[in-house]
Amino acid sequence: MTTAQKKGQQALKGKVQYQFKNGQCSYTFWVPELQPCSPESPTLGPSYSTQKNQSLTIQMRLLFTHQMEKLENALRNSTQRLEKLEENIQTILRTELQQAQQNIVQKHTGFILELGTSLLAQTTAQTLKLTNMEAQVLNQTLNMEKQMLEMMQTTEKLGKQMQEQNHTLHHLHGHNRPPPLLLLGAQPMITSSSRPTPAWLIFSSLHLLTRDPHTGEQEAGSPPCRADEHVFQDCEDICRSGVNQDGVYTIRIPNLNKTKRVFCVMDTDGGAWTVIQRRENGTVNFQRNWQDYKQGFGHPAGEHWLGNEAVHQLTSSAKYSLRLEMEDWDGNTSQANFKHFQLGSKEEFYKIFVNGYSGEMPQLGNVILWNNTFSTHDADHDNCGCNCAQIMSGGWWFDSCGGSNLNGIYYPAGQHLHKINGIRWNFFRGTTYSLRATRMMMRPLHS
(Lines give C-alpha, C1' and ligand atoms only; values in the text may rest on other atoms or scores of the structure.)
Protein backbone atom coordinates (compact mmCIF):
# COMPACT_ATOMS: atom_id res chain seq x y z
CA MET A 1 0.00 0.00 0.00
CA THR A 2 1.36 3.40 -0.98
CA THR A 3 1.75 6.38 1.28
CA ALA A 4 -1.09 8.27 -0.58
CA GLN A 5 -3.49 5.39 -0.12
CA LYS A 6 -2.63 5.20 3.59
CA LYS A 7 -3.26 8.95 4.00
CA GLY A 8 -6.60 8.56 2.21
CA GLN A 9 -7.77 5.79 4.53
CA GLN A 10 -6.73 7.78 7.58
CA ALA A 11 -8.68 10.84 6.28
CA LEU A 12 -11.82 8.74 5.89
CA LYS A 13 -11.69 7.31 9.42
CA GLY A 14 -14.49 8.47 11.57
CA LYS A 15 -16.67 9.42 8.54
CA VAL A 16 -19.81 7.83 7.13
CA GLN A 17 -20.36 7.50 3.31
CA TYR A 18 -23.71 8.50 1.76
CA GLN A 19 -24.69 8.21 -1.95
CA PHE A 20 -27.61 9.93 -3.72
CA LYS A 21 -28.83 9.79 -7.35
CA ASN A 22 -30.58 12.65 -9.18
CA GLY A 23 -31.38 11.63 -12.71
CA GLN A 24 -28.25 10.40 -14.42
CA CYS A 25 -25.98 12.08 -11.83
CA SER A 26 -24.69 10.30 -8.69
CA TYR A 27 -23.45 12.18 -5.61
CA THR A 28 -21.21 10.75 -2.85
CA PHE A 29 -20.86 12.48 0.56
CA TRP A 30 -18.55 11.71 3.48
CA VAL A 31 -20.08 12.93 6.73
CA PRO A 32 -18.21 12.92 10.09
CA GLU A 33 -19.57 10.20 12.38
CA LEU A 34 -21.34 11.50 15.50
CA GLN A 35 -19.85 10.31 18.78
CA PRO A 36 -22.47 8.52 20.84
CA CYS A 37 -23.06 9.41 24.45
CA SER A 38 -22.06 6.98 27.12
CA PRO A 39 -24.66 4.22 27.57
CA GLU A 40 -24.43 4.66 31.27
CA SER A 41 -25.62 8.32 31.03
CA PRO A 42 -28.85 8.65 32.91
CA THR A 43 -30.08 11.30 30.43
CA LEU A 44 -30.35 8.87 27.47
CA GLY A 45 -33.67 7.35 27.03
CA PRO A 46 -35.17 4.75 24.70
CA SER A 47 -35.53 7.35 21.72
CA TYR A 48 -31.82 7.93 21.36
CA SER A 49 -31.52 5.94 18.09
CA THR A 50 -34.43 7.74 16.49
CA GLN A 51 -32.98 11.17 17.29
CA LYS A 52 -29.64 10.14 15.92
CA ASN A 53 -31.16 9.10 12.57
CA GLN A 54 -33.20 12.30 12.26
CA SER A 55 -30.14 14.44 12.91
CA LEU A 56 -28.19 12.64 10.22
CA THR A 57 -31.03 13.02 7.74
CA ILE A 58 -31.25 16.77 8.36
CA GLN A 59 -27.53 17.18 7.92
CA MET A 60 -27.59 15.21 4.69
CA ARG A 61 -30.44 17.31 3.31
CA LEU A 62 -28.73 20.55 4.16
CA LEU A 63 -25.50 19.35 2.66
CA PHE A 64 -27.26 18.11 -0.51
CA THR A 65 -29.15 21.40 -0.87
CA HIS A 66 -25.95 23.36 -0.52
CA GLN A 67 -24.16 21.24 -3.13
CA MET A 68 -27.08 21.53 -5.56
CA GLU A 69 -27.02 25.30 -5.25
CA LYS A 70 -23.31 25.31 -6.01
CA LEU A 71 -23.87 23.12 -9.05
CA GLU A 72 -26.73 25.28 -10.27
CA ASN A 73 -24.65 28.42 -9.86
CA ALA A 74 -21.76 26.81 -11.69
CA LEU A 75 -24.10 25.68 -14.49
CA ARG A 76 -25.66 29.14 -14.72
CA ASN A 77 -22.23 30.75 -14.93
CA SER A 78 -21.18 28.28 -17.60
CA THR A 79 -24.33 28.98 -19.61
CA GLN A 80 -23.76 32.72 -19.41
CA ARG A 81 -20.16 32.29 -20.53
CA LEU A 82 -21.30 30.14 -23.45
CA GLU A 83 -23.88 32.74 -24.48
CA LYS A 84 -21.28 35.50 -24.37
CA LEU A 85 -18.90 33.31 -26.35
CA GLU A 86 -21.59 32.66 -28.94
CA GLU A 87 -22.32 36.39 -29.23
CA ASN A 88 -18.63 37.12 -29.69
CA ILE A 89 -18.31 34.44 -32.35
CA GLN A 90 -21.36 35.75 -34.22
CA THR A 91 -20.03 39.31 -34.05
CA ILE A 92 -16.65 38.22 -35.39
CA LEU A 93 -18.20 36.12 -38.16
CA ARG A 94 -20.60 38.91 -39.12
CA THR A 95 -17.75 41.40 -39.38
CA GLU A 96 -15.60 39.04 -41.43
CA LEU A 97 -18.54 38.17 -43.70
CA GLN A 98 -19.29 41.84 -44.36
CA GLN A 99 -15.65 42.49 -45.11
CA ALA A 100 -15.53 39.50 -47.47
CA GLN A 101 -18.66 40.72 -49.28
CA GLN A 102 -17.18 44.20 -49.64
CA ASN A 103 -13.99 42.73 -51.07
CA ILE A 104 -15.96 40.64 -53.57
CA VAL A 105 -18.07 43.64 -54.64
CA GLN A 106 -14.99 45.80 -55.05
CA LYS A 107 -13.24 43.14 -57.15
CA HIS A 108 -16.27 42.60 -59.40
CA THR A 109 -16.87 46.34 -59.72
CA GLY A 110 -13.28 46.89 -60.74
CA PHE A 111 -13.47 44.11 -63.32
CA ILE A 112 -16.73 45.42 -64.79
CA LEU A 113 -15.36 48.97 -64.97
CA GLU A 114 -12.22 47.74 -66.68
CA LEU A 115 -14.27 45.68 -69.15
CA GLY A 116 -16.61 48.60 -69.83
CA THR A 117 -13.66 50.93 -70.44
CA SER A 118 -12.12 48.45 -72.85
CA LEU A 119 -15.39 48.01 -74.78
CA LEU A 120 -15.90 51.78 -74.93
CA ALA A 121 -12.41 52.26 -76.32
CA GLN A 122 -12.98 49.59 -78.96
CA THR A 123 -16.36 51.07 -79.91
CA THR A 124 -14.83 54.53 -80.22
CA ALA A 125 -12.08 53.18 -82.46
CA GLN A 126 -14.59 51.37 -84.68
CA THR A 127 -16.74 54.50 -84.89
CA LEU A 128 -13.77 56.58 -85.99
CA LYS A 129 -12.89 54.00 -88.64
CA LEU A 130 -16.47 53.98 -89.94
CA THR A 131 -16.57 57.78 -89.97
CA ASN A 132 -13.34 57.94 -91.96
CA MET A 133 -14.59 55.30 -94.37
CA GLU A 134 -17.89 57.15 -94.83
CA ALA A 135 -16.01 60.37 -95.53
CA GLN A 136 -13.85 58.59 -98.15
CA VAL A 137 -16.91 57.09 -99.82
CA LEU A 138 -18.66 60.47 -99.84
CA ASN A 139 -15.61 62.12 -101.42
CA GLN A 140 -15.45 59.45 -104.10
CA THR A 141 -19.17 59.88 -104.78
CA LEU A 142 -18.80 63.64 -105.13
CA ASN A 143 -15.86 63.19 -107.50
CA MET A 144 -17.83 60.75 -109.62
CA GLU A 145 -20.82 63.09 -109.72
CA LYS A 146 -18.55 65.94 -110.79
CA GLN A 147 -16.99 63.80 -113.56
CA MET A 148 -20.45 62.69 -114.71
CA LEU A 149 -21.64 66.30 -114.89
CA GLU A 150 -18.59 67.23 -116.97
CA MET A 151 -19.24 64.30 -119.31
CA MET A 152 -22.88 65.32 -119.70
CA GLN A 153 -21.85 68.93 -120.48
CA THR A 154 -19.42 67.61 -123.09
CA THR A 155 -22.17 65.46 -124.59
CA GLU A 156 -24.44 68.49 -124.74
CA LYS A 157 -21.79 70.44 -126.67
CA LEU A 158 -21.27 67.54 -129.08
CA GLY A 159 -25.02 67.29 -129.61
CA LYS A 160 -25.27 70.95 -130.45
CA GLN A 161 -22.36 70.66 -132.88
CA MET A 162 -23.95 67.66 -134.58
CA GLN A 163 -27.27 69.47 -134.85
CA GLU A 164 -25.52 72.37 -136.54
CA GLN A 165 -23.70 69.99 -138.91
CA ASN A 166 -26.90 68.15 -139.78
CA HIS A 167 -28.68 71.42 -140.40
CA THR A 168 -25.84 72.55 -142.67
CA LEU A 169 -25.86 69.25 -144.60
CA HIS A 170 -29.61 69.34 -145.09
CA HIS A 171 -29.38 72.89 -146.30
CA LEU A 172 -26.57 72.07 -148.75
CA HIS A 173 -28.26 68.99 -150.21
CA GLY A 174 -31.69 70.53 -150.24
CA HIS A 175 -33.24 67.91 -147.96
CA ASN A 176 -36.22 68.84 -145.84
CA ARG A 177 -36.43 65.62 -143.78
CA PRO A 178 -37.33 66.43 -140.14
CA PRO A 179 -34.96 65.40 -137.37
CA PRO A 180 -35.66 62.07 -135.63
CA LEU A 181 -38.14 62.15 -132.75
CA LEU A 182 -37.07 61.27 -129.26
CA LEU A 183 -38.23 57.85 -128.05
CA LEU A 184 -38.63 57.73 -124.31
CA GLY A 185 -38.08 54.00 -124.18
CA ALA A 186 -35.05 52.15 -125.52
CA GLN A 187 -32.25 54.39 -124.23
CA PRO A 188 -29.27 52.04 -123.86
CA MET A 189 -26.10 53.00 -122.01
CA ILE A 190 -23.80 55.34 -123.91
CA THR A 191 -20.61 53.48 -124.81
CA SER A 192 -17.55 54.40 -126.82
CA SER A 193 -17.47 52.98 -130.37
CA SER A 194 -15.46 53.40 -133.53
CA ARG A 195 -18.70 53.93 -135.49
CA PRO A 196 -20.31 57.40 -135.73
CA THR A 197 -22.79 58.17 -132.99
CA PRO A 198 -26.38 57.90 -134.29
CA ALA A 199 -28.40 61.07 -134.18
CA TRP A 200 -31.20 59.52 -132.14
CA LEU A 201 -28.71 58.60 -129.44
CA ILE A 202 -27.43 62.16 -129.26
CA PHE A 203 -30.99 63.45 -128.89
CA SER A 204 -31.67 60.86 -126.20
CA SER A 205 -28.56 61.97 -124.34
CA LEU A 206 -29.66 65.58 -124.55
CA HIS A 207 -33.07 64.59 -123.21
CA LEU A 208 -31.39 62.91 -120.24
CA LEU A 209 -29.57 66.15 -119.42
CA THR A 210 -32.90 67.56 -118.21
CA ARG A 211 -33.06 64.89 -115.50
CA ASP A 212 -31.64 64.64 -111.99
CA PRO A 213 -28.39 62.55 -112.28
CA HIS A 214 -29.17 60.85 -108.95
CA THR A 215 -32.86 60.00 -109.18
CA GLY A 216 -33.40 59.89 -112.96
CA GLU A 217 -36.51 62.08 -112.57
CA GLN A 218 -37.31 65.15 -114.63
CA GLU A 219 -36.07 68.38 -113.10
CA ALA A 220 -38.34 71.36 -112.55
CA GLY A 221 -38.86 73.24 -115.78
CA SER A 222 -38.08 70.28 -118.08
CA PRO A 223 -40.54 69.65 -120.94
CA PRO A 224 -43.27 67.11 -120.11
CA CYS A 225 -43.77 63.96 -122.16
CA ARG A 226 -45.84 64.46 -125.31
CA ALA A 227 -48.93 62.38 -125.85
CA ASP A 228 -47.68 61.04 -129.17
CA GLU A 229 -44.44 59.64 -127.70
CA HIS A 230 -44.34 55.93 -126.94
CA VAL A 231 -44.04 55.35 -123.19
CA PHE A 232 -42.83 52.13 -121.55
CA GLN A 233 -44.11 51.08 -118.14
CA ASP A 234 -41.25 48.73 -117.18
CA CYS A 235 -38.43 46.64 -118.60
CA GLU A 236 -40.82 43.87 -119.61
CA ASP A 237 -42.66 46.37 -121.79
CA ILE A 238 -39.36 47.44 -123.36
CA CYS A 239 -38.43 43.80 -124.02
CA ARG A 240 -41.75 43.21 -125.82
CA SER A 241 -40.93 46.11 -128.14
CA GLY A 242 -37.98 44.12 -129.49
CA VAL A 243 -35.08 45.34 -127.32
CA ASN A 244 -32.94 42.45 -126.01
CA GLN A 245 -29.81 44.11 -124.58
CA ASP A 246 -29.16 44.86 -120.92
CA GLY A 247 -28.82 48.56 -120.21
CA VAL A 248 -30.27 51.80 -118.87
CA TYR A 249 -33.70 52.74 -120.25
CA THR A 250 -36.42 55.23 -119.41
CA ILE A 251 -39.86 54.23 -118.16
CA ARG A 252 -42.88 56.19 -116.99
CA ILE A 253 -44.07 55.61 -113.42
CA PRO A 254 -47.86 55.09 -113.18
CA ASN A 255 -49.88 57.73 -111.30
CA LEU A 256 -46.83 60.01 -110.89
CA ASN A 257 -46.67 61.53 -114.41
CA LYS A 258 -42.90 61.23 -114.17
CA THR A 259 -40.25 59.33 -116.06
CA LYS A 260 -37.44 57.45 -114.40
CA ARG A 261 -34.26 55.81 -115.63
CA VAL A 262 -33.91 52.14 -114.75
CA PHE A 263 -31.48 49.33 -115.50
CA CYS A 264 -33.07 46.43 -117.39
CA VAL A 265 -31.82 42.84 -117.30
CA MET A 266 -33.10 40.94 -120.32
CA ASP A 267 -33.69 37.35 -119.28
CA THR A 268 -32.95 34.43 -121.61
CA ASP A 269 -36.46 33.04 -121.13
CA GLY A 270 -38.01 36.03 -122.86
CA GLY A 271 -38.77 38.23 -119.85
CA ALA A 272 -37.06 41.32 -118.51
CA TRP A 273 -36.26 42.40 -114.94
CA THR A 274 -36.40 45.97 -113.62
CA VAL A 275 -33.56 46.48 -111.12
CA ILE A 276 -34.61 47.90 -107.74
CA GLN A 277 -31.26 47.80 -105.94
CA ARG A 278 -27.62 47.08 -106.74
CA ARG A 279 -24.54 46.84 -104.49
CA GLU A 280 -21.16 45.96 -105.97
CA ASN A 281 -18.30 48.23 -104.91
CA GLY A 282 -19.36 50.60 -102.10
CA THR A 283 -19.19 53.77 -104.22
CA VAL A 284 -22.70 54.90 -103.21
CA ASN A 285 -23.56 55.70 -99.61
CA PHE A 286 -26.68 53.76 -98.50
CA GLN A 287 -26.83 55.42 -95.06
CA ARG A 288 -29.70 57.62 -96.18
CA ASN A 289 -32.82 59.13 -94.64
CA TRP A 290 -36.48 58.31 -95.30
CA GLN A 291 -36.88 60.88 -98.08
CA ASP A 292 -33.85 59.55 -100.01
CA TYR A 293 -35.15 55.99 -99.88
CA LYS A 294 -38.57 57.22 -100.97
CA GLN A 295 -37.26 59.09 -104.05
CA GLY A 296 -34.29 56.82 -104.84
CA PHE A 297 -30.58 57.58 -105.19
CA GLY A 298 -27.46 56.52 -107.04
CA HIS A 299 -27.15 55.85 -110.79
CA PRO A 300 -28.97 52.95 -112.50
CA ALA A 301 -25.80 51.93 -114.33
CA GLY A 302 -24.06 51.35 -110.98
CA GLU A 303 -25.00 51.17 -107.32
CA HIS A 304 -28.46 52.61 -106.69
CA TRP A 305 -31.86 52.35 -105.01
CA LEU A 306 -34.77 52.81 -107.41
CA GLY A 307 -37.08 54.44 -104.84
CA ASN A 308 -39.87 53.12 -102.62
CA GLU A 309 -42.56 55.32 -104.15
CA ALA A 310 -41.74 54.20 -107.69
CA VAL A 311 -41.77 50.53 -106.67
CA HIS A 312 -45.07 51.03 -104.84
CA GLN A 313 -46.71 52.58 -107.91
CA LEU A 314 -45.38 49.86 -110.24
CA THR A 315 -46.43 46.93 -108.03
CA SER A 316 -49.84 48.53 -107.45
CA SER A 317 -50.54 48.72 -111.18
CA ALA A 318 -49.77 45.06 -111.94
CA LYS A 319 -48.77 41.78 -110.28
CA TYR A 320 -45.02 41.38 -109.89
CA SER A 321 -42.42 38.80 -108.84
CA LEU A 322 -39.21 39.55 -106.93
CA ARG A 323 -35.71 38.10 -107.33
CA LEU A 324 -32.70 38.70 -105.07
CA GLU A 325 -29.21 37.77 -106.28
CA MET A 326 -26.26 37.63 -103.88
CA GLU A 327 -22.52 36.91 -104.13
CA ASP A 328 -19.96 36.37 -101.37
CA TRP A 329 -16.25 37.21 -101.42
CA ASP A 330 -15.32 33.69 -102.64
CA GLY A 331 -17.43 33.93 -105.78
CA ASN A 332 -20.30 31.79 -104.47
CA THR A 333 -23.78 32.97 -105.49
CA SER A 334 -27.30 32.47 -104.21
CA GLN A 335 -30.81 33.47 -105.25
CA ALA A 336 -34.04 34.14 -103.41
CA ASN A 337 -37.22 34.26 -105.50
CA PHE A 338 -40.69 35.39 -104.42
CA LYS A 339 -43.54 34.63 -106.82
CA HIS A 340 -45.71 37.43 -105.44
CA PHE A 341 -44.31 40.85 -104.55
CA GLN A 342 -45.95 44.18 -103.72
CA LEU A 343 -44.94 47.32 -101.82
CA GLY A 344 -47.48 49.26 -99.75
CA SER A 345 -47.98 53.01 -99.83
CA LYS A 346 -46.12 55.65 -97.80
CA GLU A 347 -49.10 55.68 -95.39
CA GLU A 348 -48.38 51.98 -94.82
CA PHE A 349 -44.66 52.82 -94.43
CA TYR A 350 -43.92 50.96 -97.71
CA LYS A 351 -44.78 47.62 -96.15
CA ILE A 352 -43.49 44.68 -98.18
CA PHE A 353 -45.81 41.81 -99.15
CA VAL A 354 -44.10 38.65 -100.43
CA ASN A 355 -45.19 35.04 -100.94
CA GLY A 356 -44.24 31.94 -102.88
CA TYR A 357 -40.58 31.78 -101.81
CA SER A 358 -38.00 29.54 -103.47
CA GLY A 359 -34.32 29.47 -102.53
CA GLU A 360 -32.17 28.60 -99.50
CA MET A 361 -34.15 27.02 -96.61
CA PRO A 362 -37.55 27.10 -98.40
CA GLN A 363 -39.45 26.27 -95.21
CA LEU A 364 -38.38 29.61 -93.68
CA GLY A 365 -37.92 31.84 -96.72
CA ASN A 366 -41.07 33.96 -96.37
CA VAL A 367 -40.16 34.72 -92.74
CA ILE A 368 -36.97 36.60 -93.63
CA LEU A 369 -38.99 39.58 -95.00
CA TRP A 370 -42.47 38.62 -93.74
CA ASN A 371 -44.61 41.64 -94.54
CA ASN A 372 -42.47 44.12 -92.55
CA THR A 373 -42.61 47.91 -92.73
CA PHE A 374 -39.67 49.96 -94.03
CA SER A 375 -37.44 51.86 -91.56
CA THR A 376 -34.60 54.36 -91.72
CA HIS A 377 -32.58 56.03 -88.97
CA ASP A 378 -34.98 59.00 -88.96
CA ALA A 379 -38.22 56.97 -89.40
CA ASP A 380 -38.36 53.97 -87.04
CA HIS A 381 -41.20 51.59 -88.02
CA ASP A 382 -39.68 48.23 -86.99
CA ASN A 383 -40.98 45.76 -84.41
CA CYS A 384 -38.12 46.30 -81.98
CA GLY A 385 -37.99 48.54 -78.93
CA CYS A 386 -34.72 49.89 -80.35
CA ASN A 387 -34.05 51.64 -83.68
CA CYS A 388 -32.80 48.86 -85.96
CA ALA A 389 -31.77 51.28 -88.72
CA GLN A 390 -29.37 53.04 -86.34
CA ILE A 391 -27.92 49.74 -85.10
CA MET A 392 -27.84 47.80 -88.39
CA SER A 393 -27.41 50.88 -90.67
CA GLY A 394 -29.16 51.69 -93.93
CA GLY A 395 -32.88 51.43 -94.67
CA TRP A 396 -34.68 48.07 -94.76
CA TRP A 397 -37.69 45.97 -93.74
CA PHE A 398 -36.07 45.15 -90.39
CA ASP A 399 -38.82 43.47 -88.27
CA SER A 400 -36.80 42.98 -85.02
CA CYS A 401 -33.34 43.72 -86.53
CA GLY A 402 -32.86 40.12 -87.68
CA GLY A 403 -33.13 38.14 -90.88
CA SER A 404 -31.53 40.35 -93.51
CA ASN A 405 -30.32 43.81 -94.55
CA LEU A 406 -29.02 44.22 -98.11
CA ASN A 407 -28.64 47.99 -97.61
CA GLY A 408 -26.09 47.78 -94.78
CA ILE A 409 -22.56 49.20 -94.75
CA TYR A 410 -20.35 47.98 -97.61
CA TYR A 411 -17.25 46.37 -96.06
CA PRO A 412 -14.32 45.65 -98.42
CA ALA A 413 -12.52 42.33 -98.63
CA GLY A 414 -10.71 41.41 -95.43
CA GLN A 415 -13.07 43.51 -93.31
CA HIS A 416 -16.32 41.71 -94.14
CA LEU A 417 -16.34 39.15 -91.30
CA HIS A 418 -18.08 39.52 -87.92
CA LYS A 419 -20.12 42.54 -89.03
CA ILE A 420 -23.75 42.73 -87.89
CA ASN A 421 -24.33 46.03 -89.74
CA GLY A 422 -23.01 44.92 -93.13
CA ILE A 423 -24.78 43.56 -96.23
CA ARG A 424 -26.27 40.31 -94.98
CA TRP A 425 -28.82 37.64 -95.82
CA ASN A 426 -28.93 35.17 -92.92
CA PHE A 427 -29.76 32.15 -95.11
CA PHE A 428 -26.63 32.81 -97.19
CA ARG A 429 -23.34 32.95 -95.25
CA GLY A 430 -24.94 33.68 -91.87
CA THR A 431 -25.73 36.66 -89.65
CA THR A 432 -22.32 38.41 -89.45
CA TYR A 433 -20.95 37.95 -93.00
CA SER A 434 -21.06 41.07 -95.18
CA LEU A 435 -21.62 40.13 -98.84
CA ARG A 436 -19.68 41.44 -101.84
CA ALA A 437 -22.55 42.11 -104.26
CA THR A 438 -26.36 42.06 -104.34
CA ARG A 439 -29.09 42.85 -106.84
CA MET A 440 -32.86 43.12 -106.33
CA MET A 441 -35.07 42.91 -109.44
CA MET A 442 -38.77 42.69 -110.21
CA ARG A 443 -40.84 41.80 -113.27
CA PRO A 444 -44.52 41.19 -114.05
CA LEU A 445 -45.81 37.86 -112.78
CA HIS A 446 -45.62 35.14 -115.44
CA SER A 447 -48.50 32.65 -115.30
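Thresholds, definitions, all that
- Residues numbered from 1 in each chain as written.
- Predicted model: local features only at pLDDT ≥ 70, side-chain atom pairs only at ≥ 80, totals over all residues.
- Heavy atoms only, no water.
- Salt bridge = Lys/Arg side-chain N within 4 Å of Asp/Glu carboxyl O.
- Helix = DSSP H or I, 4+ residues; strand = E, 2+ residues; numbered from the N terminus.
- Buried < 20%, exposed > 50% of the residue type's maximum accessible area, 1.4 Å probe, protein only.
- 1 Å grid on protein atoms, 1.4 Å probe; cavity = no way out; pocket = protein on both sides within 12 Å on 5 of 7 lines; lining within 4 Å.
- Points joined across faces, edges and corners; volume = space filled by probe spheres on them.
- Nonpolar A, V, L, I, M, F, W, Y, C, P; charged D, E, K, R; others polar.

Quick look at the pattern of salt bridges
Piece 1. Applying the stated rule across the entire model yields nine salt bridges.
Piece 2. Among the salt bridges present, the one from Glu 236 reaches Arg 240, with a minimum N-O distance of 3.9 Å. On the criterion of helical spacing, the pair formed by Glu 236 and Arg 240 is a turn pair, its members being four residues apart in helix 4 (residues 235-240).
Piece 3. By relative accessible area, which is 7% here, Glu 236 ends up buried.

Some points on unusual backbone geometry
Piece 1. Of note in this structure, Ser 393 is not a glycine but carries a positive phi near 75 degrees.
Piece 2. For Ser 393, the position within the fold is in the loop between helix 7 (388-392) and strand 11 (404-405).
Piece 3. Residue classification places Ser 393 among the buried positions, given a relative accessible area of 7%.
Piece 4. Positive phi is not limited to glycine here, since His 418 has a value of about 55 degrees.
Piece 5. Position of His 418 relative to the elements: it lies in the loop between strand 11 and strand 12 (424-425).
Piece 6. Here His 418 falls in the exposed class, since its relative accessible area comes to 68%.

Considerations on the layout of surface pockets
Piece 1. By volume, the second largest pocket amounts to about 530 Å³.
Piece 2. Lining the second largest pocket we find 28 residues, and of these Leu 130, Glu 134, Asn 285, Gln 287 and Ile 409 sit closest to its centre.
Piece 3. Secondary structure elements with two or more residues in the lining of the second largest pocket: helix 2 (48-173) and helix 7.
Piece 4. Here the lining of the second largest pocket takes eight residues from helix 2, the largest share from any one element.
Piece 5. Looking at side-chain class alone, the lining of the second largest pocket contains 11 nonpolar, 14 polar and three charged residues.

By themselves these figures say nothing about function.
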